[in-house]
Amino acid sequence: MTQKISDSKKIVGVFYKANEYASKNPNFLGCVENALGIRNWLESLGHHYIVTDDKEGPDCELEKHIPDLHVLISTPFHPAYVTAERIKKAKNLQLLLTAGIGSDHIDLQAAAAAGLTVAEVTGSNVVSVAEDELMRILILMRNFVPGYNQVVNGEWNVAGIAYRAYDLEGKTVGTVGAGRIGKLLLQRLKPFGCNLLYHDRLQMGPEMEKETGAKYVESLDEMLPKCDVVVVNTPLTEKTRGMFNKEMIGKMKKGVLIVNNARGAIMDRQAVVEAVESGHIGGYSGDVWDPQPAPKDHPWRYMPNQAMTPHISGTTIDAQLRYAAGTKDMLEKYFKGEDFPAQNYIVKDGELAPQYSLQDSSPLPVTEKMSEYKASLTNKPCVGKMNGKSEDKPLPSSLALETEKPEGEKATVEVEYIESENLNDVEDADAVLKSVLAGLDSKDWVSVCDALNNVRRLSIFHKDAMLHMLEKVIPLVVKSLKNPRSAVCKTACMTSADIFCAYNDHITDLLDSLLTQLLLKSSQDKRFVCESADKALTSMTSYVSPTLLLPKLQPCLKNRNPRIRAKASLCFSRSVPRLGVEGIKEYGIDELVQAAASQLSDQLPESREAARTVLLELQTVYEKAHPLIKPDTASSSPEEEHNPEAEPITWEIFCQSKLSALSAQAVLRVTNVVAVTTRDGLVTTGSSSSSQL
Ligand SMILES: NC(=O)c1ccc[n+]([C@@H]2O[C@H](COP(=O)([O-])OP(=O)(O)OC[C@H]3O[C@@H](n4cnc5c(N)ncnc54)[C@H](O)[C@@H]3O)[C@@H](O)[C@H]2O)c1
């Protein structure tokens, strides 16, 4: 979407109505009445903004605007169903925005065919949903709902609840789909001591598997019979629609508990009812229905052992603030003719995002297949070269990298990626030093991979000899990071990691472009490239001194791309503790607190989490060092300097003096000092840091 869009647009928002609740909380933005908080802004730009909850039937309010609207915003909580028929009628329609996650209320194939853009606020409510799922698992496991009903109905019957209430500890929980929500759920489940499994079209990286302790099960058929609890976390696509039918449910353990906050239509409605009634499903909970709002006679309302709610998990006030901000951001970009963050697109330029596409491929392997690679190159056994061995050494049978094909036929090449500790020294260092730059600049991607691996070997075994060449080597490594071939990118990421390890502060002047590319690669590429880029960033934060690195990272915290901000935040949170108490003091605690505070309201949970980590670290350092570290304002007060009895400057006062009132409140909430907002918007006081000093 590059064309300049400057004229007045008709924008229609379809949200749920809040009636008497609309004015109860100023941050309740996701309703008709508050219209995402963007009315004044849109109207000040000359756009026409219509908001309604009336979305069904030929005479509804939405239908009236279909012929001439340009942009339609909707939420999954009260979805405006955008059928092929509506798309056909919508002659001016250009953009469909989902304020939230999940755009299955739109006929995506029809939208793609009509050249429309569909985008959502990816990541905006994933924490909200993961927390809610955890709650539902516990509610089902402990048989909570009948207990609550007894209390409301004036009854008391412990046995009626206890006979089917269990501990979560020791149970097997499997998530079908381990994307953003699935991973957050696994992280939250880890402390409960469950046996965690996951099935996804993509296996997650070894670091995340280690962190969550979850095991990948490639086949759903294999995972389902093992689970005491099944949680659904995939989008609704042509592949997942009706996925849990009678046969699939039959594969689950008798008494299985199911939590589904993903989409109602992933389940076969009647199969669920029958399995719950027969006891095959021991309990079913979720907030998603098909259709929405659920009609009064929807059978899930009346089946036993259910803990259903309306669609609420992703529309907490915190989530609303995030998806309202994300929607505004995309509208702003649309008006300027700029691209959205890549991960937000569901349909772009006539194409569906991979997981929605019928052509979506199976899991990405650890090695990358290059099926288009010409046989003319196949007499170069690249594993032998990559491993520093002579080219004609027979390949180990498990690592057959190339298939012998007659001349001219296409063959498959798999590239092996060698961990640093398994790399061998080069045979002739001088010769390799002379040829390595030409190799890095070669047009033949296999030669580039070879050269990159030689750079890795030289940095490990001949560090000093390559030092003077870094000025030329690093720009070529950056060039390789931009290479469209994933194999080259991944090898370049591995090379970067080894360079950081060997040369640490020697490359600071060359760091900027390497850092930018690695942040980009770690946030938007094939998963196996992202993982390598992540490792390179970890190597960078481990070896490059934080005083040199932090000034380079700080601007990246403000990058327009939220995924890049998230990765930069993570690096920032790893680098700050490496400064140590004295280093933090020298660097300027004010600056670090301000940088971290700005990330607390970021769109992505990863950025917010990293900011929390940094702020807790800074609070500890501040309190340890105090009164060694005083804010500038404190030392500038002569009265205080001369008064040994002066009150110590607490973390709380420090934050209030350095940050805006709102920012200080957010920081103090995170660092557990004051200002815990209750459900009614009242502010209560938590522990005060002054008491700790
Ligand atoms: N109830 C709510 O309020 C609410 C809020 C947000 C999202 N959601 C739903 O949750 C879904 C997941 O959200 P997310 O942010 O985690 O999305 P995500 O894209 O980060 O993760 C989805 C995961 O599902 C996997 N997947 C897709 N198709 C699959 C298939 N056929 N088989 C196995 N795995 C498959 C993907 O590989 C990916 O890892 C959304 O699409 C939406 O429908 C509900």
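Residue indices follow the written sequence of each chain, beginning from 1 at its first position. Owing to the predicted nature of the model, reporting of local features is limited to residues with pLDDT of at least 70; listing and counting of side-chain atom pairs is limited to 80 or more, with chain, interface and lining totals taken over all residues. The basis for every side-chain value is the complete set of non-hydrogen atoms in the structure, without hydrogens or water.

1. Here's the deal with the overall build of the protein chain
Link 1 in the chain: Within the protein chain one finds 30 helices and 18 strands.
Link 2 in the chain: Relative accessibility decides the category of a residue: with a 1.4 Å probe and only protein chains considered, values under 20% of the type maximum give buried, values over 50% give exposed, and everything between is partly exposed. Across the 693 residues that make up the protein chain, the buried fraction comes to 53%.
Link 3 in the chain: Contact between two residues is taken to exist if any of their heavy atoms lie within 4.5 Å; hydrogens are not considered. A sequence separation of at least 24 residues applies to 67% of the contacts in the protein chain between residues at least 6 apart.
Link 4 in the chain: Computed by Shrake-Rupley with a 1.4 Å probe, the accessible areas treat only the displayed protein chains as cover when residues are assessed. Summed over its atoms, the accessible surface of the protein chain is roughly 31500 Å², and 52% of this surface lies on carbon and sulfur atoms. Only DSSP runs of H or I covering at least 4 residues are called helices, and only runs of E covering at least 2 are called strands; the numbering of each starts at the N terminus.

2. So, the sheet that holds strand β12 (residues 306-308)
Link 1 in the chain: For two strands to be treated as a pair, DSSP must find at least two bridges joining them. Spatially, the seven strands line up as an open sheet ordered β8-β7-β6-β9-β10-β11-β12, and their pairing is parallel. Only two strands of the sheet have a single partner each, and these edge strands are β8 (215-216) and β12.
Link 2 in the chain: By the bridge criterion, five bridges tie strand β6 (residues 172-176) to strand β7 (residues 195-199) in an arrangement that is parallel. Note on β7: the bridge partner recorded for Gly174 is Leu197.
Link 3 in the chain: Angles here are taken between N-to-C directions and fall from 0 to 180 degrees, while the axes themselves are lines fitted to C-alpha atoms, restricted in helices to the stretch in contact. In the packing of helix α8 (residues 180-189) onto the sheet, the strands contacted are β6, β7 and β9 (229-232), and the crossing angle to β7 comes to about 170°.

3. Considering a nonpolar patch on the surface
Link 1 in the chain: A contiguous nonpolar patch, built from Phe144, Tyr148 and Val152 and spanning about 330 Å² of accessible area, is present on the exposed surface.
Link 2 in the chain: Counting through the fold element by element, Tyr148 comes out in helix α6 (residues 144-152). By definition, no residue in a patch forms a salt bridge, and every one has over 30% relative accessible area; like charges are joined within 9 Å, nonpolar side chains (Val, Leu, Ile, Met, Phe, Trp, Tyr) within 5 Å. Any carboxyl oxygen of Asp or Glu that lies within 4 Å of a side-chain nitrogen of Lys or Arg is treated as forming a salt bridge with it.

4. A word on the pattern of salt bridges
Link 1 in the chain: Applying the stated criterion across every chain yields a total of 25 salt bridges.
Link 2 in the chain: The shortest N-O distance in the salt bridge between Lys251 and Glu247 comes to 3.8 Å.
Link 3 in the chain: The partly exposed category is assigned to Lys251, whose relative accessible area is 26%.
Link 4 in the chain: Since its relative accessible area comes to 57%, Glu247 is described here as exposed.
Link 5 in the chain: What emerges from the salt-bridge pattern is a single network uniting Glu63, Arg86 and Lys89.

5. Overview of the UniProt feature "binding site: substrate" (unreviewed entry) in the protein chain
Link 1 in the chain: UniProt positions are given in the numbering used here, feature names are shortened, and annotations may be inferred rather than shown by experiment. What UniProt calls "binding site: substrate" (unreviewed entry) maps, in this numbering, to Ile101 and Asn125. Across 25 residues, the annotated set stays spatially compact, with a maximum C-alpha separation of 7.4 Å.
Link 2 in the chain: For Ile101, the position within the fold is in the loop between β4 (95-98) and α4 (108-113).
Link 3 in the chain: Judged by its relative accessible area of 24%, Ile101 falls in the partly exposed class.
Link 4 in the chain: With residues near it in sequence (within four places) discarded, Ile101 still touches Pro76, Glu120, Val121, Thr122, Gly123, Ser124, Asn125, Val126 and Arg263.
Link 5 in the chain: Locating Asn125 in the fold gives a position in the loop between β5 (117-120) and α5 (126-141).
Link 6 in the chain: Owing to a relative accessible area of 4%, Asn125 belongs among the buried residues under this scheme.
Link 7 in the chain: Apart from residues no more than four positions distant in its own chain, Asn125 is found in contact with Phe77, Gly100, Ile101, Gly314, Ala319, Arg322 and Tyr323.

6. Description of the nonpolar core
Soluble globular proteins tend to pack their nonpolar side chains together in the buried interior.
Link 1 in the chain: The criterion is simple. A nonpolar core is a set of buried Ala, Val, Leu, Ile, Met, Phe, Trp, Tyr and Cys residues joined through side-chain atoms within 4.5 Å. Counting 82 residues, the largest nonpolar core has Leu518, Met540, Phe572, Leu592, Leu618 and Trp651 as the members making the most contacts within it.
Link 2 in the chain: With residues up to four places along the chain from it excluded, the contact list for Leu592 reads Leu550, Phe572, Val576, Leu579, Ile584, Tyr587 and Leu618.

7. Some words on unusual backbone geometry
Link 1 in the chain: Here the residue pair Asp290 and Pro291 is connected by a cis peptide bond, since its omega of 0° sits within 30 degrees of zero.
Link 2 in the chain: With respect to the element layout, Pro291 can be found in the loop between β11 (281-286) and β12.
Link 3 in the chain: With omega at -10°, the peptide bond leading from Gln292 into Pro293 counts as cis.
Link 4 in the chain: A positive phi angle is found at Asp349, which is not glycine, with a value near 50°.
Link 5 in the chain: Tracing the sequence through the fold places Asp349 in the loop between β13 (345-348) and β14 (351-352).

8. Topic: the side chain of His298
Link 1 in the chain: Its location among the elements puts His298 in the loop between β11 and β12.
Link 2 in the chain: A residue is classified by how much of its surface remains accessible, and His298, at 1% relative accessible area, is buried.
Link 3 in the chain: Setting aside residues up to four positions removed in sequence, His298 forms contacts with Arg269, Trp289 and Asp290.

9. Considering the packing of aromatic side chains
Link 1 in the chain: Ring pairs are drawn from Phe, Tyr and Trp, using the six-membered ring of Trp, whenever the two centres fall within 6.5 Å, and their geometry is named by plane angle: stacked under 30 degrees, edge-to-face over 60, tilted for the rest. Applying the stated criterion across every chain, the model contains 13 aromatic pairs.
Link 2 in the chain: Aromatic pair Phe77 and Tyr323: ring centres 5.8 Å apart, planes at 25°, arrangement stacked. Residue Phe77 is found in the loop between β3 (71-74) and α3 (84-89), and its partner Tyr323 is found in helix α13 (residues 317-336); the two are separated by 246 residues along the sequence. Both residues of the pair, Phe77 and Tyr323, count as buried.

10. As for the site of the ligand
Link 1 in the chain: Close to the ligand lie 26 residues; Ile181, Asp200, Arg201, Asn261 and Gln355 are nearest.
Link 2 in the chain: In the analysis that follows, any N or O atom pair within 3.5 Å is treated as a polar contact, provided that within protein one partner can donate a hydrogen and the other can accept it, and provided that, for residues neighboring in sequence, both atoms belong to side chains. One nitrogen or oxygen atom from the main chain of Gly179 is found 3.4 Å from an oxygen atom belonging to the ligand.
Link 3 in the chain: Measuring from a nitrogen atom of the ligand, one finds a backbone N or O atom of Asn261 at 2.8 Å.
Link 4 in the chain: For the ligand, whose free accessible area comes to 860 Å², the fraction covered by protein is 93%.
Link 5 in the chain: Sorting the residues of the shell around the ligand by element identifies α5 and α8 as the ones contributing at least two each.
Link 6 in the chain: Here the nonpolar group is Ala, Val, Leu, Ile, Met, Phe, Trp, Tyr, Cys and Pro; Asp, Glu, Lys and Arg are the charged ones; every other residue, Gly included, is treated as polar. Partitioning the shell around the ligand into residue classes produces nine nonpolar, 12 polar and five charged. Only a single heavy atom is needed: when it lies within 4 Å of a molecule or strand, its residue is near that molecule or strand.

11. Some words on the sheet that holds β14
Strand pairing in a sheet relies on backbone hydrogen bonds, with the paired strands running either antiparallel or parallel.
Link 1 in the chain: Ordered in space as β2-β1-β3-β4-β5-β13-β14, the seven strands form an open sheet in which the pairing is mixed. What marks the edges here is a single partner per strand, and that holds for β2 (48-52) and β14.
Link 2 in the chain: By the bridge criterion, four bridges tie strand β1 (residues 10-14) to β3 in an arrangement that is parallel. In the strand pairing of β3, Ile11 is matched with Val71.

12. A word on the pairing of strand β10 (residues 256-260)
Link 1 in the chain: Most of β10 is tucked away, with five of its five residues classed as buried.
Link 2 in the chain: Burial along β10 is two-sided: Val256, Ile258 and Asn260 and Leu257 and Val259, pointing in opposite directions, are all buried.
Link 3 in the chain: Handedness of the β10-helix α12 (residues 269-278)-β11 crossover: right-handed. Crossovers are described as right-handed under a simple rule: with the strands pointing away from the observer, the path leading from the first strand over the helix to the second runs clockwise.

13. Some remarks on the state of the cysteines
Link 1 in the chain: Only a pair of cysteine sulfur atoms within 2.5 Å qualifies as a disulfide here. Under the counting rule described, the total for this entry stands at zero disulfides.
Link 2 in the chain: In this structure Cys530 is a free cysteine whose sulfur lies 8.7 Å from that of Cys493, the closest cysteine sulfur available.
Link 3 in the chain: By relative accessible area, which is 13% here, Cys530 ends up buried.

14. Quick notes on the environment of Val473
Link 1 in the chain: Here Val473 lies in helix α18 (residues 470-481).
Link 2 in the chain: With relative accessibility at 0%, the residue Val473 sits in the buried group.
Link 3 in the chain: Placed 32 residues apart in sequence, Val473 and Asp441 show a C-alpha to C-alpha distance of 9.7 Å.
Link 4 in the chain: The residues touching Val473, leaving out its near neighbours within four places in the chain, are Leu437, Leu440 and Val455.

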